[in-house]
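# Overview (structure and organization)
Here is how the chains run, residue by residue.
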There are 8 protein chains.
Amino acid sequence: MTVCAFAHIQVKMGKANEVIEAIKAVNGVKEAHIVTGEFDIIAKIEADDLKSLGDKVLKNIHTIKGVYRTVTSMIVT
Amino acid sequence: MTVCAFAHIQVKMGKANEVIEAIKAVNGVKEAHIVTGEFDIIAKIEADDLKSLGDKVLKNIHTIKGVYRTVTSMIVT
Amino acid sequence: MTVCAFAHIQVKMGKANEVIEAIKAVNGVKEAHIVTGEFDIIAKIEADDLKSLGDKVLKNIHTIKGVYRTVTSMIVT
Amino acid sequence: MTVCAFAHIQVKMGKANEVIEAIKAVNGVKEAHIVTGEFDIIAKIEADDLKSLGDKVLKNIHTIKGVYRTVTSMIVT
Amino acid sequence: MTVCAFAHIQVKMGKANEVIEAIKAVNGVKEAHIVTGEFDIIAKIEADDLKSLGDKVLKNIHTIKGVYRTVTSMIVT
Amino acid sequence: MTVCAFAHIQVKMGKANEVIEAIKAVNGVKEAHIVTGEFDIIAKIEADDLKSLGDKVLKNIHTIKGVYRTVTSMIVT
Amino acid sequence: MTVCAFAHIQVKMGKANEVIEAIKAVNGVKEAHIVTGEFDIIAKIEADDLKSLGDKVLKNIHTIKGVYRTVTSMIVT
Amino acid sequence: MTVCAFAHIQVKMGKANEVIEAIKAVNGVKEAHIVTGEFDIIAKIEADDLKSLGDKVLKNIHTIKGVYRTVTSMIVT
């Protein structure tokens, strides 16, 4: 059973357009949007299990230059 | 040009399963999920323009019994 | 010298349209808008001094039926 | 593989001592503490998978009288 | 060695003046003020130790009618 | 139909006076104030549509040296 | 009539002890404490009026090396 | 009587795996986990008293390279 999450992402000022392209290129990212409000980008991510979703966020999203903070919400149903 | 938003929804304790069914039935709601974290439900909503999206949230989401607080993020791109 | 503040207001679900009319009727409220995001209404309020601005918020805004929480930011310049 | 989470719980004023006893009685709750800060209680919960952990929070924690809001953080590693 | 804390208190709308009088009457409360911003009242509380400070907040502050939420910050130095 | 928003802006420490001058110079900024509370500056911005308001924030506000974080609330009515 | 405020201060990691000494040395700072929770330091500040309190925060607190973010709550009563 | 706390820790992007190893090595840290949500790591820390717990956080956790922000909740019971 795959797991899915919404990652809420804050980016360094002036970097939103660059960062969203890099996020869309991450394997498992289903969609990503620039949004108004507390966070700059909301992305929907899919992975095989909780462990590999955690890895994807820590290794593939957190390491994108310009990503400043992420808050991840697991989809339960 | 239609507008789209993520509505982040807190529900009264014990009401998440009821509320999500009501939200999914709202015209323009594309998807809705129970999630972990600060909010209980994240829904993606589409409307004809900002004004009618505002109306949808104020009149069709806020009035669902068990909805406690909503925070809406407009999709910019 | 008058003082000025932005009041950020959360309202009970389903009450935004009623509440904003009541807020606009408060003496000293210069403008009030329904907004997306963490708060439902942002209003700009003017008063003679800090004490009377505090009174206005505590006695004229907090007592409006449907107002749930307010966070006030004083304008410094 | 079991999954584990920290549930951060706000309780209705005057209910912390009652609520914590009810939380400790929930199957899968490993520990629960009254704490200072943004939340009143932090509990560690274990379940068979993400779906059943979600159920436990929605059906067994949210329904405790006096629980006001919960924010759940999944343990990734 | 006594311990000391700042309690940040949100009150039900329209109750700030009543609540602050009740808070000032709690044994160990050194000062209490109505403030602008995220919280409505900030109070400074002293107790014999962490356990009795927790008790004071849970039993004497949380039980005041009109207190809605408290967030306590322990003074470390 | 033009769209309007409140941008809430945090600035790098020591930069508020410089940043507010730069913000006031952005085309479409109707007013901007240094405020107390969670954010340092609140600005009211007008644009032709949601897309161009998003661009204005991402390209003209986020790129001001000393701007640290922005949270934008769309005015619905 | 003097005005008074609580400044809630976040400091760069490892800098709390240095920063609190610098804050205590600012003219008008009545007390300052290292605390647990969302903020690292809470200080009580007095000034002649709102404008000069704002200046004190912007010019004397924000410019202390190691201060990262401040949130100021005006004392109303 | 020992005191105990949950430290909620945000880390610089890309540093979670390094930081958690350093945190686990701090004397008094009973457990530490990478988690989803607002914070990246939750650790449980024990110390002899409030003062020495504060010292541990300020001197041993805040000084770990890659730690960005910590919010500490004291366990009351």
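Below or above, wherever it landed, is the structure these notes cover.

All right, on to the interface of chain B and chain A then. Taken together, the contact between chain B and chain A spans 14 residues of the former and 14 residues of the latter. Between chain B and chain A the total buried area reaches about 1,400 Å² when both faces are included, carbon and sulfur atoms providing 56% of it. The interface formed by chain B and chain A holds 2 salt bridges in total. Among the salt bridges present, the one from Glu31(A) reaches Lys44(B), with a minimum N-O distance of 2.5 Å. For the side of chain B that touches chain A, the elements supplying multiple residues, two or more each, are strand E1 (3–11), strand E2 (29–34), strand E3 (41–47) and strand E4 (67–74) of chain B. A total of 3 residues in the side of chain B that touches chain A trace back to one element, the largest contributor, which is E2(B). Grouping the amino acids of the side of chain B that touches chain A by side-chain chemistry returns 7 nonpolar, 5 polar and 2 charged.

A word on the packing of aromatic side chains. Counted by the stated rule, this structure contains 12 aromatic pairs over all chains. Ring geometry for Tyr68(D) versus Tyr68(E): centroids 5.9 Å apart, planes at 85°, classification edge-to-face. Placement of the pair is Tyr68(D) in strand E4 (residues 67–74) and Tyr68(E) in strand E4 (residues 67–74), with the two residues belonging to separate chains. Assigned by exposure class, Tyr68(D) and Tyr68(E) land together as buried. Through a chain of ring-to-ring contacts, three or more aromatic side chains come together here, namely Tyr68(A), Tyr68(F), Tyr68(G) and Tyr68(H).

We now examine the arrangement of the chains. Left apart from each other, chain A and chain E have a closest C-alpha approach of 16 Å. The two units chain C and chain H never meet; even their closest C-alpha atoms stay 16 Å apart.

Within the secondary structure layout, Phe6(E) lies in strand E1 (residues 3–11). In the structure, Phe6(E) is positioned 36 residues away from Ile42(E) in sequence and 6.6 Å away in space, judged by C-alpha atoms.

Buried within helix H1 (residues 16–24) of chain E we find Ala16(E), Val19(E), Ile20(E) and Ile23(E). The buried residues of H1(E) occupy an angular sector of 100° when projected down its axis, which confines them to one face. Looking at the buried side of H1(E), the elements it contacts are helix H2 (50–61) of chain C together with E1, strand E2 (29–34), strand E3 (41–47), helix H2 (50–61) and E4 of chain E.

Residues and elements named next belong to chain G. By the criterion of burial, strand E3 (residues 41–47) is predominantly enclosed, with 6 of the 7 residues buried. Two elements, strand E1 (residues 3–11) and E3, share 7 bridges in a ladder whose sense is antiparallel. Looking across to E3, one finds that Val 3 is bridged to Ala 47. With 5 bridges joining them, strand E2 (residues 29–34) and E3 adopt antiparallel strand pairing. Each bridged residue has a counterpart across the sheet, and for Ala 32 the counterpart in E3 is Ala 43. Between the antiparallel neighbours E2 and E3 lie 6 residues, among them Gly 37 with a positive phi of about 110°.

Residues and elements named next belong to chain F. Within the open sheet, the 4 strands sit side by side as E2-E3-E1-E4. Their pairing is antiparallel. Looking at the sheet topology across the chains shown, the edges are occupied by strand E2 (29–34) and strand E4 (67–74). Adjacent strand axes in the sheet meet at a mean angle of 20°, parallel and antiparallel pairs treated alike. Against the sheet, helix H1 (residues 16–24) makes contact with strand E1 (3–11), E2, strand E3 (41–47) and E4, and its axis sits at roughly 170° relative to E2, the strand it touches most.

Conventions we followed
- Throughout this document, residue positions are counted from 1 along each chain, in the order its sequence is written.
- Here the convention is simple: chains get letters from A, ligands get numbers from 1, in the order in which they are written.
- Two thresholds apply to this predicted model, a pLDDT of at least 70 for residue-level local features and 80 or more for giving and counting side-chain atom pairs, whereas whole-chain, interface and lining totals are computed over all residues.
- Side-chain measures here rest on the full set of heavy atoms in the structure, leaving out hydrogens and waters.
- Residue contacts follow a heavy-atom distance rule, with two residues in contact if any of their heavy atoms lie within 4.5 Å.
- Accessible-area loss on putting two parts together, using a 1.4 Å probe and summing over both, is the definition of buried area adopted here.
- Criterion for a salt bridge: a side-chain nitrogen of Lys or Arg within 4 Å of a carboxyl oxygen of Asp or Glu.
- Helical segments are the DSSP runs of H or I of at least four residues, strand segments are the runs of E of at least two, and each set is numbered from the N terminus.
- As a working rule, the residues Ala, Val, Leu, Ile, Met, Phe, Trp, Tyr, Cys and Pro are called nonpolar, Asp, Glu, Lys and Arg charged, and the rest polar, with Gly in that last group.
- Only the six-membered ring of Trp is used, alongside the rings of Phe and Tyr, when aromatic pairs are assigned; centres must lie within 6.5 Å, and planes under 30 degrees apart are stacked while those over 60 apart are edge-to-face, with the rest tilted.
- Three labels apply to residues, based on accessible area from a 1.4 Å probe with only protein chains included: buried if under 20% of the type maximum, exposed if over 50%, partly exposed otherwise in between.
- This arc corresponds to the set of directions leading from the helix axis out to the C-beta atoms.
- Note: two strands are recorded as paired if DSSP finds a minimum of 2 bridges between them.
- Fitting a line to C-alpha atoms yields each axis, with helices limited to the stretch in contact; the angle taken between N-to-C directions then spans 0 to 180 degrees.

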